[in-house]
Number of protein chains: 2
Amino acid sequence: MLSLLDLRARIGDGRLTAEGAITQAREAIAAGDREVGAILRTLPPGPVPAEGPLAGIAVGVKDIIDTADLATEMGSAIYAGWRPRADAPVVARLRRLGAVPLAKTTTTAFAFLDPTPTRNPRNLAHTPGGSSAGSAAAVAAGLVPLALGTQTGGSVIRPAAFCGVVGVKPSFRLLPTVGVKTYSWALDTVGLFAARVADAARALALLAARPAIDLPAGDPGQPRIGVVRQDFCAPPAREALAALDRAAAAAERAGARVRDLALPPLFGEAFAVHPVIQDYEAAQALAWEYDTHRDALPPLLRAQLDAAREIPTEAYDSGRRVAHRARRSLKDVFAEDGVDVILTLAAPGPAPEGLASTGDARFNRLWTLMGVPCVTVPVETDANGLPLGVQVIARFGDDGRALAAARLIERALG
Amino acid sequence: MLSLLDLRARIGDGRLTAEGAITQAREAIAAGDREVGAILRTLPPGPVPAEGPLAGIAVGVKDIIDTADLATEMGSAIYAGWRPRADAPVVARLRRLGAVPLAKTTTTAFAFLDPTPTRNPRNLAHTPGGSSAGSAAAVAAGLVPLALGTQTGGSVIRPAAFCGVVGVKPSFRLLPTVGVKTYSWALDTVGLFAARVADAARALALLAARPAIDLPAGDPGQPRIGVVRQDFCAPPAREALAALDRAAAAAERAGARVRDLALPPLFGEAFAVHPVIQDYEAAQALAWEYDTHRDALPPLLRAQLDAAREIPTEAYDSGRRVAHRARRSLKDVFAEDGVDVILTLAAPGPAPEGLASTGDARFNRLWTLMGVPCVTVPVETDANGLPLGVQVIARFGDDGRALAAARLIERALG
């Protein structure tokens, strides 16, 4: 994989030029994407900014995020060849920082569950997950050092775990969702994929214009970690729990204070209302597509939107009240239980075999609904070469702390 | 003006067809818009839905709201001829209800302060206000019975007051802002213009799929009204205060319990941070336009975005915390002070003379930031034929109560 910080260091001391780094990314895509299928289209060769804290960084951009110079097709024939007028603000920000939004990456149609043809670079017989399939796979395959994705259920944290890369779903709206195709305006969150935690932290700090998010160079401290097993949903695979235990033990060895944490029943309720909020909003957000191109929608999404039309407004309103209460209660969990971060599963197990399913988001939905920062840390690789990851979660707005704890665990795991 | 309910009643009992109603709107635009300049473009003649609760209702759509069948130019040459791929969900919803989104209405560029050439139908020498200039003017001139606008500072409530129509800025995100050009994602709110309060209530209840928003047919009850004079900002014109007193007295005669209400100092703080939040987000939301077409931006917006780049992230984050505290405190104001609705000014005075300024949003900003439902009720007309209106405000999510109190005042004023 390509480390953003490593590339920047080599550019900084003259071993590499920004232009050379972008050329290398182009070559990596040309050579490495054939069997993975993460990249949809690449910018024609052109001038490369030499200045800026992300100069020389090639970025993969999920194809539901608007780019003025590359088509944005939402993973759907309905948008074949569609060229937005403007860059999404997060893309404009990348350019201001000197990065090159080089390629559009595959997305499931409208970021829902119908799979892409993209393969998992760790084991081509398995899914990379979704919906940010191409962004996770492109980083895992070493095609680009940084990629943008989005998460409404588990579309960043889950594919990052499946592909063995670091994924960050920041605090809600830390990165603007303007110019990003909406599925659910209460949930959609722009996130990042990178090789290592420090790479992701640097990218997020720059994109969000909040230097404090970047990891402190020195001692990460002794974070108090609460391990959550999410017993409000169906149990995970044995090896996923083993990876969680291994990450917790590593953190403890590194000086963290680790203990089990049980969430109050309200969080089970919040978990259950996530799909109600998501789908009620999707039925509105995709109303034009549904009303005018229903037959062109892929089967899982079409069926979901068929059902979503029947969700009563009262169920949505009451779901939003549950979510509001749970968000406030989560503050108390952190404060009263005295934990700095939560450590939990990133996915129920390794990437499923085949490309028919992008996997299950049940270990992600609650945290997307809570709007809190989440980081995937790769832990180990199973007998099939498939990665298992864990998820580090902090309070809303405390993205730097989630990343610092994630780095501590990453280091402790070696 | 055209009453939505009146048109619907005539269609319901066969005195008018839906198609006939749309033809009348076309004729009204052809005859009446020449001197007002509210309409940018109109749908070519085509089939008119005969079914649906809004069949026969021609709607004006502010030109920052995406329409698949009509250009959407954001009030800016940068988007000349721009055709979005999809309808905004609020437009798709209008179609589902049987309405015809017939015409795009003028907007200031990107819904900021640079004026449009639109004139106030009540007195052509005056501004109709902004940024939803064309939507307010189109309803005031009797061109359409319903129009969509948006408010980030005071872009619905103020032009409604200036033009003597009913304006509704609903609870934040009651109507989705998807497919609406973003200025500030924390503030942008889709709103409505109609002839009378009952027209607006019917339209909002249908668009939001919440029948309870529509006014109860019977007794509006005896709402407890708190009159707020907003002494945290510069004082209004004498005639605006007189209109407020007149509306309060009318409400009292109609059985409402009316008393003065002073807001805690926190609301002055919240008022002061509104522009910080708005402009910090605008600098991101319009980054592509600023970075690639700065010279094509109109002067007020260009200067605002120049300045907005310098807003420190810390000021934005701290402003959001103030807003959050004020929103919670506002719940207490309603609960502890025992008021059902707040009655306050809609604008500092009548529409300014000339077209150089769209007027001042200082009596609107706080309420947009609070996310609470606001309704403009026209009160009287001054010696220049210019209307003066007041604003009725309820708790977040209590849009029906704001509309019920607004109707009581409208009736009491005769």
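In the block above lies the structure referred to throughout.
Examining the relation of the copies chain A and chain B
If you rotate chain A by 180 degrees and push it 0.0 Å along the axis, it lands on chain B with an RMSD of 0.0 Å. Read as a symmetry element, the transformation amounts to a two-fold axis. Using C-alpha coordinates, one finds that chain A approaches the rotation axis most closely at P84 of chain A, a distance of 4.1 Å.

Quick look at the interface of chain A and chain B
Taken together, the contacts link 24 residues of chain A with 24 residues of chain B. Among the elements of the structure, α3 (89-96), α8 (266-285) and α9 (287-293) of chain A are those that each provide at least two residues to the side of chain A that touches chain B. Of the residues in the side of chain A that touches chain B, the class split is 13 nonpolar, three polar and eight charged.

Focus on the sheet that holds strand β4 (residues 146-151) of chain B
Residue and element names in this part refer to chain B. Spatially, β1-β3-β2-β4-β6-β5-β10-β11-β9-β7-β8 is the arrangement adopted by the eleven strands of the open sheet, whose pairing is mixed. For this open sheet the edge positions go to β1 (39-42) and β8 (257-260), each flanked by a neighbour on one side alone. With direction set aside, neighbouring strand axes in the sheet form an average angle of 30 degrees. Bridging between strand β2 (residues 58-62) and strand β3 (residues 100-105) involves five bridges; their strand directions are parallel. Of the residues in β3, the one forming a bridge with G60 is A103. In the packing of helix α3 (residues 89-96) onto the sheet, contacts are made with β2, β3, β4 and β6 (189-194), and the angle to β3 comes to roughly 145 degrees. Across the face of the sheet, helix α6 (residues 197-207) comes into contact with β4, β5 (166-169), β6 and β10 (374-381) while running at roughly 140 degrees to β6.

Thoughts on α6 of chain B
Residue and element names in this part refer to chain B. For α6, the tally of buried residues reaches ten of eleven residues, placing the bulk of the element in the interior. Residues of α6 that are buried include every one of V197, A198, D199, A200, A201, R202, A203, L204, L206 and L207, and no others. Of the residues flanking the end of α6, it is A209, one or two places downstream, whose phi is positive at about 55 degrees.

What about the pairing of β8 of chain B?
All names here are of chain B. Sheet topology note: the strand β7 (residues 224-227)/β8 ladder contains four bridges and is parallel. In the sheet register, I225 faces β8, and the bridge partner there is V258. Of the crossover connections in this fold, the one passing from β7 over helix α7 (residues 238-253) to the parallel β8 is right-handed.

Reading the values: the criteria
Residues numbered from 1 in each chain as written. Chains lettered and ligands numbered in written order. Predicted model: local features only at pLDDT ≥ 70, side-chain atom pairs only at ≥ 80, totals over all residues. Least-squares fit on C-alpha atoms with pLDDT ≥ 70 in both. Contact = placed C-beta atoms within 7 Å. Helix = DSSP H or I, 4+ residues; strand = E, 2+ residues; numbered from the N terminus. Nonpolar A, V, L, I, M, F, W, Y, C, P; charged D, E, K, R; others polar. Pairing = 2+ DSSP bridges. Axes fitted to C-alpha atoms, helices over the stretch in contact; angles between N-to-C directions. Buried ≥ 20, exposed ≤ 12 C-beta atoms within 10 Å, placed from the backbone. Right-handed = clockwise from strand over helix to strand, strands pointing away.

Limitation: the analysis is restricted to geometry and does not speak to function.
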